[in-house]
Amino acid sequence: MTATLQYLVAVIGAGPAGLFGARELANKGARVLLFNRDIKPGGLAEYGIYPNKYIMKGGLRKQFRQILDLPNLDYYGNVTVGSQGDLSLDDLRALGVQAILVTVGAQGTKWLGLPGEELEGVYHAKDVVYYYNHLPPFSKKSFLFGKRCAVIGAGNVMLDITHYLARELKVDEVIAVVRRGPAEIKFEKKEMEYVIDNLDQAALEAEIERVTPIMRAVHQDPQAAKTTILEALPKALPKVSDTRFRFEFLASPVRMIGDENGKLTQVELEDNILVEANGDTKARGTGNKRCLNVETVIFAIGDKVDDSFGLPVEWNEFIKNQNPRFPIDGISYEAPAEDVFVGGWSRQASTGLVGYARKDGTNASKAVLQYLQTKQAVEPNLKAVAEKIKSLNKPIVTKEDIKKLEAVEIAEAQKRGVEEFKFDSNEDMLQAMGLTITA
């Protein structure tokens, strides 16, 4: 029997960047080992998209199933890779892996280092999103969502959090605290449709009026900004709660204040002005400070990569080779180690949505394929890989196991008469797949 010579590649992370990158590699003949920290594949496509977007998620899951069905792709779920993981990058190299594509997303959380961030009631948006999307272990964490909540940020994640607070928890008030002005919001009209019926339009009018002199000083049009914010009104979803949603523009949190029990009671804000610098508009603090009475603050200000993964980090991102050997569209996907590549949010945190991650993961794989052309193809020692995986002495999830889990969850959803059912603990998922938990 003739030996099959292939390139052996490890892809770390099975979100959209990792899955579509793995597909590119497998379709070009490489043998792909796809490792995932979570049990289920999908990453933020599974655990970051708002839960009720069933059609979008269903379409993505169908594509992911097709990728996992590729014969020269092996899936290993419930395995962490990194300097503190089940396997290190050197462990993979010892198994004959010739290139490593890191697509673990931006698993770190970006904090501002403000006083009071440790108080109960202060959270990062990612943790909240994972919580309501049932990602273990976040699904089992305790969150204090009070009657009045401040969400820091002006992007789609801020609106997702507002959506959850207004339509699911039905809190009294959600205040979006925005560092810059109404002309520099980052959210999309479609996402605003879910919550605009809760928007206090009189408060918005007053807020626009308050910041108008500051906007005009940097040649911004307040009325155009207001029109953009209200663009979603014609397709507004009727509100299901009396939650009051409003904006505080040109304001930055400077500290959180708590009571004697360590629970949040206020967030202190500093008012900003806008200044023009190098063709850009920036916010600058005025020194004027004031407090909002809130029981919850959620920071929706972006993410950063995981410092503990084992790759060098700078400015919240993994360091890339500034003089890449294999650039794609002028972009470097290369880590300092010549056999390591980064794609998706691992390359640039918090950029774009699923479509972006898909394209970036695919392009990262093209860079990997160029690198592999400088190497000799080998006969992958899959037996050694299997033995190493077995030696981890923990339940390892394969693509066949994922099919079992999907079937059980679909059956459970039908039994309960709901659109979707998800197990929210690893133990329940492993049990559904018939995998035992070893000590």
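These numbers come from a predicted model, not from an experiment. (Residues numbered from 1 in each chain as written. Predicted model: local features only at pLDDT ≥ 70, side-chain atom pairs only at ≥ 80, totals over all residues. Heavy atoms only, no water.)

Some words on the state of the cysteines
Part 1 of the reasoning: Inspection of every chain in the model, using the stated rule, returns zero disulfides.
Part 2 of the reasoning: With no disulfide of its own, C149 lies closest to C291 among cysteine sulfurs, the gap being 17 Å. (Disulfide = S-S within 2.5 Å.)

Examining unusual backbone geometry
Leaving glycine out, the prevailing phi sign among residues is negative, and the prevailing peptide bond configuration is trans.
Part 1 of the reasoning: The omega torsion across P136 and P137 is 0°, close enough to zero to call that bond cis.
Part 2 of the reasoning: As for its placement among the helices and strands, P137 is situated in the loop between α5 (125-132) and β7 (148-152).
Part 3 of the reasoning: The phi dihedral of H134 falls on the positive side, at around 65°, and the residue is not glycine.
Part 4 of the reasoning: Looking at the secondary structure, you find H134 in the loop between α5 and β7.
Part 5 of the reasoning: The residue N278 is not glycine, and still its phi comes out positive at about 50°.
Part 6 of the reasoning: Locating N278 in the fold gives a position in the loop between β11 (264-277) and β12 (280-293).
Part 7 of the reasoning: With a relative accessible area of 84%, N278 lands in the exposed category. (Helix = DSSP H or I, 4+ residues; strand = E, 2+ residues; numbered from the N terminus. Buried < 20%, exposed > 50% of the residue type's maximum accessible area, 1.4 Å probe, protein only.)

Quick word on the sheet that holds strand β10 (residues 251-258)
Part 1 of the reasoning: Spatial strand order, β10-β11-β12: three strands in an open sheet with antiparallel pairing. Here the strands that pair on one side only, and so sit at the sheet edges, are β10 and β12. Shown here is a sheet whose adjacent strand axes are inclined to one another by a mean of 20°, direction ignored.
Part 2 of the reasoning: As judged from the 11 bridges shared by β11 and β12, these two strands associate in the antiparallel manner. Residue pairing for β12: E268 is matched across the bridge by C291.
Part 3 of the reasoning: Its contacts with the sheet put helix α8 (residues 201-217) on β11 and β12, and the angle it makes with β11 is roughly 30°. (Pairing = 2+ DSSP bridges. Axes fitted to C-alpha atoms, helices over the stretch in contact; angles between N-to-C directions. Contact = heavy atoms within 4.5 Å.)

Examining the sheet that holds strand β13 (residues 296-299)
Part 1 of the reasoning: The five strands lie next to each other as β6-β13-β7-β8-β9, forming an open sheet whose pairing is parallel. In this open sheet, the two edge strands, each paired with only one partner strand, are β6 (122-124) and β9 (244-248). Each strand of the sheet is rotated relative to its neighbour by a mean of 20°, with strand direction disregarded.
Part 2 of the reasoning: In the sheet, β7 pairs with strand β8 (residues 173-177) via five bridges, with the strands oriented parallel. Opposite I152, over in β8, you have V177 as the bridge partner.
Part 3 of the reasoning: Where α5 meets the sheet, it contacts β6 and β13, and its direction lies at approximately 80° from that of β6.

Observations concerning the packing of aromatic side chains
Part 1 of the reasoning: Scanning all chains against the criterion turns up 19 aromatic pairs.
Part 2 of the reasoning: With a centroid separation of 4.9 Å and 55° between ring planes, the pair formed by Y130 and F138 is classed as tilted.
Part 3 of the reasoning: Residue F138 is classed as buried on the basis of its relative accessible area of 14%.
Part 4 of the reasoning: Residues Y131 and F145 carry aromatic rings whose centres are separated by 6.3 Å and whose planes lie at 45° to one another, so their mutual orientation is tilted. Placement of Y131 in helix α5 and of F145 in the loop between α5 and β7 is noted, with a sequence separation of 14 residues between them.
Part 5 of the reasoning: Relative accessible area serves as the criterion here: at 23%, Y131 is assigned to the partly exposed category.
Part 6 of the reasoning: Geometry around F20 places R358 over its ring, the cationic atom sitting 4.3 Å from the centre. (Phe/Tyr/Trp six-rings, centres within 6.5 Å; stacked < 30°, edge-to-face > 60°. Lys NZ or Arg CZ within 6 Å of the ring centre and 35° of its normal.)

Details of the pattern of salt bridges
Oppositely charged side chains can form a pair if their charged atoms are brought close together.
Part 1 of the reasoning: Evaluated as defined, the whole model comprises 38 salt bridges.
Part 2 of the reasoning: The closest approach of N and O atoms between E412 and K415, which form a salt bridge, is 3.6 Å. Placement of the pair is E412 and K415 together in helix α12 (residues 399-416), with a separation of three residues, close to one helical turn.
Part 3 of the reasoning: On the basis of relative accessibility, which here comes to 67%, the residue K415 falls in the exposed class.
Part 4 of the reasoning: Residues joined in a network through salt bridges with shared partners are R148, E173, D200, R244, R246, E248, D271 and R290. (Salt bridge = Lys/Arg side-chain N within 4 Å of Asp/Glu carboxyl O.)

Examining the pairing of strand β1 (residues 8-12)
Part 1 of the reasoning: A large share of β1 lies buried, amounting to five of its five residues.
Part 2 of the reasoning: Along β1, one buried face is formed by L8, A10 and I12 and the opposite face, lined by V9 and V11, is buried too.
Part 3 of the reasoning: In this fold, the crossover linking β1 to strand β2 (residues 31-36) by way of helix α1 (residues 16-27) has right-handed handedness.
Part 4 of the reasoning: Pairing geometry for β1 and strand β4 (residues 99-102), over four bridges, is parallel. Across the sheet, I12 pairs through a bridge with V102, a residue of β4. (Right-handed = clockwise from strand over helix to strand, strands pointing away.)

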